[in-house]
Amino acid sequence: MRMRISAAISAITVAGIVAGCNDYFEGPGVSENPNSPSKATADQQFTGFQAFAFYNLTGDVNRLISMWNQQMAGTGRQWAGYDKYVVTENDFTFGGYYTGGGLVDIRGLQTKVKDDKLYFGVAQTWEALTMDLVSDVWGDIPYSEAAGDVLLPKLDKQLDVHNALLALLDQALTNLTAGGAGPGAVDLVYGGDKAKWIAAAHTLKARLYMHLAELDASNYAKALTETNAGISSAAGDFTTYHSGSTGENNHWNQFRLGRGTDISAGEFFVDLMKSRTDPRLTAYFAPGSDAGGVIKGAPPGEEYDGTQAWLSEVRGAAEFRQPILTFAENQMIRAEAQYRTNAQAAALATLNAYRASVGLAAKSGLTGAALLQAIMEEKYVALFQNTEVWNDYRRTCYPNLTPAAGSSIPARLVYGTDERRANPNIPSPSQQPKRNQLDPATATAIDGSKCLGTGT
Amino acid sequence: MRSSWRLLGILAVSLGSGLARPESAHAQQSAVSVSGRVTNEAGAPLSLASVYIETLGLGTQTAEDGRYQLTIPAARVHGQQVVLGVRAIGFRNTTATISLTETTVSKDFTLAANPLRLGEVVITGSGTSTTVEKLGNSINSVKAAEIQKSSEPNIVNTLAAKAPGVEVTSASGDPGAGSSIIIRGIKTIQGDAQPLFVVDGQPIDNTTTSTNPNDFSASTAATNRAADINPNDIESIEILKGAAASAIYGARAAQGVILITTKSGRAGQTRYSLRSNSTWDDVNKSIPLQRSYGRGEVGSAAKAACAGPGCTPTSSTWGPAVASGTPTYDHWGEAFNTGHTFDNVLSVSGGDDRRTFFISAGNTSQNGTIIGDHDKYNRTTGRLKATQLIGNKLRVGGNVTYSDVRSDYVQKGNNLNGLLLGLARTPPDFNNFPYVVDGLHRSYRYPNPANSTDDRIYDNPFWVINEDRNTSTVGRAIGNFNIDWDALSWLNVKYTLGADHASDERIEGLPPQSAGYDGGTIWQGTYNALQLDHNLVGTAQHKWSDAFATTFTLGQNLNSRNQRIVQANGTTFIDPELFTLNNTVSTNLQPQNYASTVRIAGYFAQLGVDAWDRLYLTAAVRADQSSTFPKEDRTNYYPKASLAWNAIGGSRPPMGPVSYLKLRTAYGAVGREPNAYQILDTFLGGAIPIDYGTGSTSPTQGGNGGLYSSSVKGAPRLKPERTAEAEVGIDFGLFNQKVDGSVTYYDANTSDVIFSLPVPVSTGYQNVTSNGGKITNKGIEVVLNWRALDIQNLQWEIGGNWAQNRNRLVELQGADYVGITGGFGVSTAVKGEPLGTFYGTDWIRCRYDVADADNHTTNAAGADVDVNALCRSTNAADHSLYVDADGFPLIDNANRVIGNPNPQWIGGLRNTFTLFKKFQISSLVDVKKGGQNWNGTRLALQRFGTSSYTNPRADCSAGLDKCVGNEKVFGQTIEKSPGVVGPGANKSVPIGENWWRAGLGNNFNGPTGQGVENAGYVKLREISIAYTLDNARVRSMTGLASVDIRLGARNIYTWSDYKGVDPETNLEGSLGIGRGQDYFNNPQTRSLTFTIGLNR
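Criteria and cut-off values
- Residues numbered from 1 in each chain as written.
- Chains lettered and ligands numbered in written order.
- Predicted model: local features only at pLDDT ≥ 70, side-chain atom pairs only at ≥ 80, totals over all residues.
- Heavy atoms only, no water.
- Helix = DSSP H or I, 4+ residues; strand = E, 2+ residues; numbered from the N terminus.
- Rg over C-alpha atoms; globule rule 2.2 N^0.38 Å.
- Contact = heavy atoms within 4.5 Å.
- Areas by Shrake-Rupley, 256 points an atom, 1.4 Å probe, with all protein chains shown as cover.
- Lys, Arg positive; Asp, Glu negative; His and termini not counted.
- Charge placed at Lys NZ, Arg CZ, Asp CG, Glu CD.
- Phe/Tyr/Trp six-rings, centres within 6.5 Å; stacked < 30°, edge-to-face > 60°.
- Buried < 20%, exposed > 50% of the residue type's maximum accessible area, 1.4 Å probe, protein only.
- Lys NZ or Arg CZ within 6 Å of the ring centre and 35° of its normal.
- Buried area = accessible area lost by both parts, 1.4 Å probe.
- Salt bridge = Lys/Arg side-chain N within 4 Å of Asp/Glu carboxyl O.
- Patch = residues over 30% accessible without salt bridge, like charges linked within 9 Å, V, L, I, M, F, W, Y side chains within 5 Å.
- Core = buried A, V, L, I, M, F, W, Y, C linked by side-chain atoms within 4.5 Å.
- Pairing = 2+ DSSP bridges.
- Axes fitted to C-alpha atoms, helices over the stretch in contact; angles between N-to-C directions.

Hey, could you go over the overall build of chain B for me, with residue numbers and the actual values?
Check the secondary structure of chain B and you find 10 helices and 57 strands. Relative to its length of 1096 residues, chain B is compact, with a C-alpha radius of gyration of 32 Å against a globular reference of 31 Å. Principal axes of the C-alpha set define a box for chain B whose edges measure 105 × 75 × 60 Å. Counting only contacts in chain B whose residues sit at least 6 apart along the sequence, the fraction spanning at least 24 positions is 70%. Accessible surface, chain B as shown: approximately 40500 Å² in total, 55% of it carbon and sulfur. Across chain B, 96 positive and 97 negative side-chain charges occur, with their mean positions spaced 7 Å apart.

How would you explain the packing of aromatic side chains if you had to name every residue and give the values?
For the structure on display, the rule yields 50 aromatic pairs over all chains. With 6.1 Å between their ring centres and 75° between their planes, F269(A) and F285(A) make a pair best called edge-to-face. With F269(A) in helix α12 (residues 267-275) and F285(A) in strand β4 (residues 285-286), the pair connects residues that are 16 residues apart, well separated along the chain. Here F269(A) matches F285(A) in class, with each residue buried. Aromatic side chains F327(A) and Y354(A) sit 6.5 Å apart centroid to centroid with 55° between the ring planes, which places their arrangement in the tilted category. Within this pair, whereas F327(A) is found in helix α14 (residues 327-340), its partner Y354(A) is found in helix α15 (residues 344-357), the two being separated by 27 residues in sequence. Across the pair, Y354(A) and F327(A) agree in class, each one buried. Through pairs of rings, three or more aromatic residues link up here, namely F49(A), F54(A), W126(A), Y190(A), W197(A) and F238(A). Cation over ring: R506(B) sits above Y527(B), and NZ or CZ is 4.4 Å from the ring centre. The cationic tip of K1059(B) hangs over the ring face of Y949(B); the distance from NZ or CZ to the ring centre is 5.7 Å.

Requested: an account of the interface of chain B and chain A, with residues and values cited.
The accessible area lost on association of the parts is a frequent measure of interface size. Every contact between the two is made by 61 residues of chain B and, on the other side, 73 residues of chain A. Taking both sides of the interface into account, the surface hidden between chain B and chain A amounts to around 5300 Å²; carbon and sulfur atoms contribute 61%. For the chain B face of the interface with chain A, the top three residues by lost area are D691(B), Y692(B) and S762(B), together amounting to 14%. Here chain B is connected to chain A by 2 salt bridges. Notably, a salt bridge pairs K631(B) with E26(A), separated by 3.8 Å at the nearest N-O pair.

So what about the environment of N224(B)? Which residues, and what values?
Residue and element names in this part refer to chain B. Summarising the element assignment, N224 is placed in the loop between β15 (202-204) and β16 (234-240). In this structure N224 comes out as buried when scored by relative accessible area, which is 0%. Separated by 299 residues in the primary sequence, N224 and W523 place their C-alpha atoms 20 Å from one another. Excluding residues within four positions of it along the chain, N224 makes contact with N154, V156, A177, G178, S179, N206, T207, T208 and S1070.

For the pattern of salt bridges, give the residues involved together with the corresponding values.
Residue and element names in this part refer to chain B. According to the stated counting rule, one finds 73 salt bridges over all chains in the structure shown. Here E721 ties to R672 by a salt bridge, and the two come within 3.0 Å at their closest N and O atoms. Taken together, the residues span a long stretch of sequence, with E721 in strand β36 (residues 721-734) and R672 in strand β32 (residues 658-672) at a distance of 49 residues. Just as E721 is buried, R672 falls in that class too. One network of salt bridges, in which partners are shared, links R184, K241, K662, R664, E725, E727, D731 and E781.

Describe in detail a nonpolar patch on the surface, supporting the description with residues and values.
Residues and elements named next belong to chain B. A contiguous nonpolar surface patch, about 690 Å² in accessible area, is contributed by W280, F916, F919, I1025, L1047, L1088, F1090 and I1092. Top element by residues in the nonpolar patch is strand β57 (residues 1085-1095). It accounts for 3 residues. Structurally, W280 can be placed in strand β18 (residues 268-283). Judged by its relative accessible area of 39%, W280 falls in the partly exposed class.

Just give me the short version of the nonpolar core, but keep the residues and values in it.
Counting residues in each nonpolar core, the largest one holds 118 residues, and the members touching the most others are W126(A), W138(A) and F285(A). No other element matches helix α7 (residues 117-138) of chain A, which puts 13 residues into this core. Counting residues in each nonpolar core, the second largest holds 35 residues, with I287(B), F336(B), L420(B) and F944(B) among its members.

Mind laying out the sheet that holds strand β42 (residues 837-843) of chain B, listing which residues take part and the relevant values?
Residue and element names in this part refer to chain B. Ordered by their spatial adjacency, 4 strands build an open sheet running β40-β41-β42-β46, and the pairing between neighbours is antiparallel. Of all the strands in the sheet, just β40 (817-819) and β46 (891-899) have a single pairing partner and so form its edges. Each strand axis lies, on average, 50° off the axis of its neighbour in the sheet, ignoring direction. Bridge count for β42 against β46 is 5 bridges, and the pairing is antiparallel. Within the sheet, the bridge partner assigned to F838 lies in β46 and is G899.

Structural data, given as structure tokens:
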């Protein structure tokens, strides 16, 4: 009897010990997901972030803006419609700028590299670059409460976002200057080159100050100062990374493979380059298959018929690294800022120095509005496929585009459904402003025309 | 050792001579053979009744003819008197005292019915059991005889209409198709709504997985894994319905528990049984197709003209009437024929006072109703269950079963490669034969095949039937080792250690030239599931006084489940006929793998108190720890309590007509554990397609491995879903139990329901796994049985069950609606509505429950119309149809609630007649009142013009705006509505191609809501006529104890208004909670079964 009781007790005890083992609930496959990692190293997260940032900078939104700039044109299916401003809240959304590969991961990276100042500064500069784009396109955006613990982030005013990004870049510059081991080869843009990152951060600051200049002209001087420390040669350009390997191809190249001829060269842009006899025309474009060797652009929304040009072999290649922040932009900001701060001669010199670097003859004797127009035109041509051209247009009404539909070119995108449906802080599409805070309705071209309409 | 030899000896003798007779020993004390026959009051034999001598620890079981034979070893015979008892489910225990003075004793028993099963032991799970009168919650039992009568290869289907509140829906009539079983309503949103299956104390896997990941709407039928069990091996099934009943299974029991007990051997003569079933199936209802009009558009065949090879003519059947003499084809009839199932099971069982054994071998071989050889289900099972008594207190047992299941399937559903999508769209004047011409696939969209690379758009149905390869090969082993030890006079210890392992090898292959895959494609994969379970239970009993006894149970359960899936998709075959991954162009190979491990440690304690032989209290708590719970909240508690008061009956005398009355109430809590790893953040490393391209973007760049955050945020504090349920009920017997019944009311509140909450993307995530859902289920269950007639040579019993469940999604954490698993874009979880509600577009109607501002439309003149204001001004009924000036309704593009698949009530009615004590005739009627289906099949075929609902049709040959004839009035003779409003109300309009194809009369242009139909039905579910041959002549001629013959039929007839196939259809099968979606799913069948059983 006694033995039986003890046997029963010991059986239960043994079972209890089995269950009490700590590793019953812990370890690979149990508390750790065997299918996907629950943690990422800094380098893994940075690589993943960059891969999707390259898309965010040169993917769908960039394609749309390039069409609205009339550098490109929609020539098929929904792209022909987008080109004529038929865009709903379902079409272009900013989800990818915040979710995996976006803000959530660059912030995640920052928490991991706090002790490596160079790496930290690189990550902060990346955040400023990508969130600037979101703020330029959508205006007021969730930022101060984004990618954090707030379930329904509020909208921050576009000005506040820009000021926050400028402050972030100041921190980034402090960190970049302090230095550290840095990301090294994992940095697909500069390979961890500290000096290039410092220059890029300055050029980016200059860009941001230019965005603010319509509200406060004192920002021109600030932008000018930044360009002094900005990207000083084409070797310092900030370009995306692409290669011929599957999964690493240039996004314009992938678009052409997947959607054929839905986008072609824009007529306005091609004609402008022809009128300038710009040697970059063949560097940018190649003739359409039925065009008899002539580079022809399409007016907005024209159906593709085999004659419209597409990107050149170089520019359309899978390996092509898309320019994002360049020496050209730095110099054209510099020229405009000099002009705006009443240093017209210096502005012309800066313009001509740049023209010489791309094989164009110097302009002489330009002053006043004609000089500004020449600078803006130069920037429009140099920053081919760059979203910044649209920001400039909204500020200056240069170049003098004819809207593809209606009386004005859209000045912002409506918020996407992925945000609006879940976030009561986002107004319904009809309640959203037609233009952004930094491009106020009073913005006018130098000739006095109101190029963006009068919507508020 | 000696015993073993004797067992073998009995086996040998039995096999050799036909009737095993114990040999009379010549010793002074001889062995005593006790034999006899057990019948019911009507004189019909009772099989599977236990006959036992408690004091000697001896027992046996009656055969099919009711006969038993029990041998008392000589050593234990000393001329004493012993009590011989008989126990049978549904009958009163009966005893008789016999004297062991002769070598043979004959004793027959006639058992009185015990419809309330008072005194019978009922298994309550995790090694616990009680007697029926002590139950404070409702548990339904289904016995072997009822399972056999249904002749269903899938165990889940055998439960249809057998118990109140248990809703069984089989996905289709495909061999191996899965079945869903929902008990007392759905209690989850994005989880699995199927109950936990437990076989002989061992929880088993009942998941349903599709070869094509995440796509249950296409692909093939998928089997729920419980179908691997051979229903012939089952002795009884207990359905634990409410939370109080299933709380002992804690975090796995939210949807109830199905406890299956397999057959066991009994001491006594070795029994042999061979049962053979032969079943013929055919499709019970077809998709209604018209055969009067041919291919074309705008009433003209010329519009379909298509000369050269490679041309793909119109998809439409809107041509002229088929000229007399032009052949038309019965596309449906050509594709189906009579299916056949052959089911054999051989079992041998027996034992003696120290050991028992049960051995069975079974094979079910089914060739379904689709012509050809590719819809098959072949299940071979073997089972061995044995026990051995060691000493006098310790019984050890082993139980192992192996199932080999091989299936061939035919693609179905929303699928260009599915059988019915192409078949039902084929114009009646197109001959689908030949389906291959000169080695090229010919289809109605591609009638003159020119090459192997052009898209066939829809596969020819005979291509689907004959050329595709969809196979599953399952090896499944379930077994356990168990101990039952009466450690002390008051303490019993039970232990079970079990394993369930399944390996499923899948191939889903489409050969080159299949629609959408001109080079062919193959999914090949292996699905492995392993479940280990350890269950240790100690039960202590003490009788404090005559009036007061307690039972205390303490248990521990450790459960571990592993799942591993490895599969790959390859496209473009090298050799067109070889269905392997190696045979595909390897750059296209896309491998996937998935693994998970979930571990639970549960501890439970239960106290039962019996007072004054009439008041029974049970209280228990289970504490569950799971690897799917966050570390900080590792333990969750699931309490329960129940009280049963036997007011009348037992020792209490009847009160008037009331011969028995029990009042009961119970409360319990159960859970549903989160899925594995939902509490963790996830980083992904796979490439994703962007840029619309053939390419993709990979987070890995330039040789650096990259990762990015999943769009779903991990939920580190995720809790299990929790259901708290209260129930009250009465069980009663009237007129000395001539009538019995029970009524139960329950109210279940499920909180912390897990779902993926859409969040603003600016949070960095698209979804957060949330605990924010709340669901309520309230219902009533009624059972009523009446032994209506009991006269010489005729007995008639009638029994019914009825249940009503009201399901509602009460809270969704601010979201209006979220997707559900298996929703097919039609079924969703809408706040305030029942789960699975159909949600989509509808006609513009009066909607008084919608704000006026949200119910506007634009009329033909382009002016804004305030619909509700218009409706009020004409006093129109709610949901009156708005008809525009042209006489046609308008689409309301807002998504709204458009239907509800949940039935108003379900019920079953069984009639059983016993004639001349030999014939048993029974029928089962299954009723589903209300509950809607979304008939997308009809809507699509209205567009294509093949649906019989497009015949008659207006003549539109003069142009779509000049149709004449077939005039209808919207809201009255078409799209019938409670009323009509609008400028075109009561206007008569021609209905033809202008409406069905070019207008809104289909699901491509028109509202989803027009496909919602009442899918209620009355089904003659089963008819069975059984006869037992056991007279002496048969016995001596055949050497058999008895021969049973049974003729059965299943799904014989369905009464329903549903305009399509059998309303019992479920495109998404047993996955998830979406129900009632009808979109080219393979059809249901009816069947006729002939069974012969040989027993000895």
